[in-house]
Amino acid sequence: MEVGAEAFVQLLPRLRRRIRRAAFVALDTEFTGLYSTFPQSSEPSLFDSPVERYLKTRQSVQRFTVTQLGLAIFSKENSNKYVVHSYNFFLFPSMLGVRDVEFTLSASSVQFLSHYGFDYNKFLKDGIPYMNEVQEKILRQHLLAGSWTFHSTSAANRDVLRKVIDEVTCWIAVAEEEETMILQDLSDYHVLEVQLVLRQALQNVWTEPLGNKKVMVKKVSPQHRQLLENSSCDPCQTELILVSARGFTNLFQILVEAKKPLVGHNMLMDLMHLHDKFYKPLPESYEEFKRNIHNLFPVLIDTKTVTKYMKKNYLLPRVSSLSEAYAVLCSSSLNPKDPLWPVIALASDCSRYAEKESPHEAGYDAFLCGSVLLMSAHLLLCRSTDDAVEADPSFSQYLTVLAEHVNQVNFIRGAISSINFSGEDAPCHRPPALVVHVQGWPGLNERQIYQEFKGLCRFDVRQLSKNQFILLSNKYKQLVLRDYKHHPHLQVSVYRHWRHSPRVNCLLQVSGIVALWSLLAFVLGGAPSCS
């Protein structure tokens, strides 16, 4: 279930087979931070248009990185049974031949993940490398030019490499040409690293992997070394090095090629990290980002969008989180002895999730996400057929009843409800606004206004003019108008565009001046002559 760099290479072929056989794949990611505060806050706001939200989130995605990615592979076995293989992949940026990667840690996010048992040692010491296409292109150029560098990922790695170099250096000083030595007990991950570092550090050695975590080192002449480097059998050829350096990106490419439905929960930030870390740096254009994601993953399903619809149509009670939605859907009140209800069975190597909840562990949340999708789809199918569901509903039938939610990714606290990845977004629609007029309280800013009103309701604040602020909230409260009716410094009223907009006011003032001058000109110019 937990996969680090050492196990990943051996597991990859099995993952490829399972993804190709899957009905769909669910995904969840954990990050080193959510919303950056530099150069300004990127917290979601009801004022955000889709473009504004994308640019704010892009700023965060570029500063933070993915610590853990969870994949739950759902395969239909027979009848209504789905078997789930769920994995936690610990990730760490590739250090081979790429400019040293910098990322930011958010104290609150680190504390949050630590509270839920996240293993930072595995993230730092055994994280699977990854790179996007731009980084891979740069590495390829450096490899061809022989100018690559290796940035060791940890002190432990540096110790291993230092020990190997010292051992080989001492041996080569007394060895004859063509003599060999064997390096043993290397991890699978170190086998390639050791060869690359030795070849770069010592010009009179040659290396070959022997399997069983062993590497053969041979003392050779520079001429012999050159011949071996040009051999097609060299295990350290450019393409093999690139495969190793790509790491998790190889699995990302398998997902892209398979074109299986990709399921997430509130998955906008997940998709942006997938694009930025494994495909290409996020573009400045919001529309280009949408097109790219749609080409990579033509079928997206956000369970947040689905459960919001079901709550709105009274198919689900009010739930605020993925785990709550899962618990409610598993309850007997929603699936009373339905023989066709989806049976979701965890594979034997993932049985821990059947025995113990593991919230905010990426593999567990991915499992919950896929399970919520199946159970929600079954409820929707029952409703569409008036409970007369035929035996053994197929996953394609589930996709049919989910059609209006496909490629609609939830938009948290903004001017639209969801982002449409296969077409144009719906027009922006914001809730009714309040306007605060300030008198006798100089220097008041947005943060102070927010602090003033947060006890009554969660408002987003935006300054309208020197002495005016707009308040937006999904839960509009009349008591705000009542409580501030006689406030000595803050007058609150319902926002009216024609009355409160600075542009409209400016236009009215200009129009008034023009009208006044026109009237004066008419009166003075049109006065009758005395002659």
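Look up a bit, the structure's there.
Scoring rules and cut-offs
Residues numbered from 1 in each chain as written. Predicted model: local features only at pLDDT ≥ 70, side-chain atom pairs only at ≥ 80, totals over all residues. Heavy atoms only, no water. Axes fitted to C-alpha atoms, helices over the stretch in contact; angles between N-to-C directions. Helix = DSSP H or I, 4+ residues; strand = E, 2+ residues; numbered from the N terminus. Parallel < 35°, antiparallel > 145°, perpendicular 65-115°, else oblique. Left-handed = near helix turned anticlockwise from the far one by under 90°. Contact = heavy atoms within 4.5 Å. Nonpolar A, V, L, I, M, F, W, Y, C, P; charged D, E, K, R; others polar. Pairing = 2+ DSSP bridges. Salt bridge = Lys/Arg side-chain N within 4 Å of Asp/Glu carboxyl O. Buried < 20%, exposed > 50% of the residue type's maximum accessible area, 1.4 Å probe, protein only.

Focus: the packing of helix 2 (residues 50–63) against helix 11 (residues 268–279)
The interhelical angle for the contact between helix 2 and helix 11, taken along N-to-C directions, is 55°, at an axis separation of 10 Å. It follows from the interaxial angle that helix 2 and helix 11 lie oblique. Where helix 2 crosses over helix 11, the two elements pack in a sense that is right-handed. When helix 2 is examined against helix 11, the residues Tyr54, Thr57, Arg58, Val61 and Gln62 are found in contact with a partner set consisting of Met269, Met272, His273, Asp276 and Lys277. Split by residue class, the contact of helix 2 with helix 11 holds four nonpolar, three polar and three charged.

Re the sheet that holds strand 5 (residues 180–183)
Across the sheet, which stays open at both edges, the three strands sit in the order 5-7-6 with antiparallel pairing between neighbours. The open sheet has two edge strands with one neighbour each: strand 5 and strand 6 (205–211). This sheet shows a mean twist of 25° between the axes of neighbouring strands, independent of strand direction. With four bridges joining them, strand 5 and strand 7 (residues 214–219) adopt antiparallel strand pairing. Looking across to strand 7, one finds that Leu183 is bridged to Val215.

Some points on the pattern of salt bridges
In total, this model carries 14 salt bridges according to the counting rule given. The partner of Lys218 in a salt bridge is Glu178, and the shortest N-O contact between them spans 3.7 Å. Of this pair, Lys218 sits in strand 7 while Glu178 sits in the loop between helix 6 (155–172) and strand 5; the two residues are 40 residues apart in sequence, bridging distant segments of the chain. Classification of Glu178 by relative accessible area gives partly exposed; the value is 42%. A salt bridge links Glu229 to Arg225; the nearest nitrogen and oxygen atoms lie 2.7 Å apart. Of this pair, Glu229 and Arg225 are both found in helix 8 (residues 222–229), four residues apart, which corresponds to roughly one turn of the helix. A residue is classified by how much of its surface remains accessible, and Arg225, at 6% relative accessible area, is buried. One continuous salt-bridge network, built from bridges that share partners, spans Glu2, Lys122, Arg352 and Glu361.

Things to note about unusual backbone geometry
If you check the backbone angles, Asp185 has positive phi at about 60° while not being a glycine. The class of Asp185 is exposed, set by a relative accessible area of 73%. Not every positive phi belongs to a glycine, and Lys259 is a case in point at roughly 55°. Within the secondary structure, Lys259 sits in the loop between helix 10 (249–258) and strand 8 (262–264). Judged by relative accessible area, which is 35%, Lys259 ranks as partly exposed.

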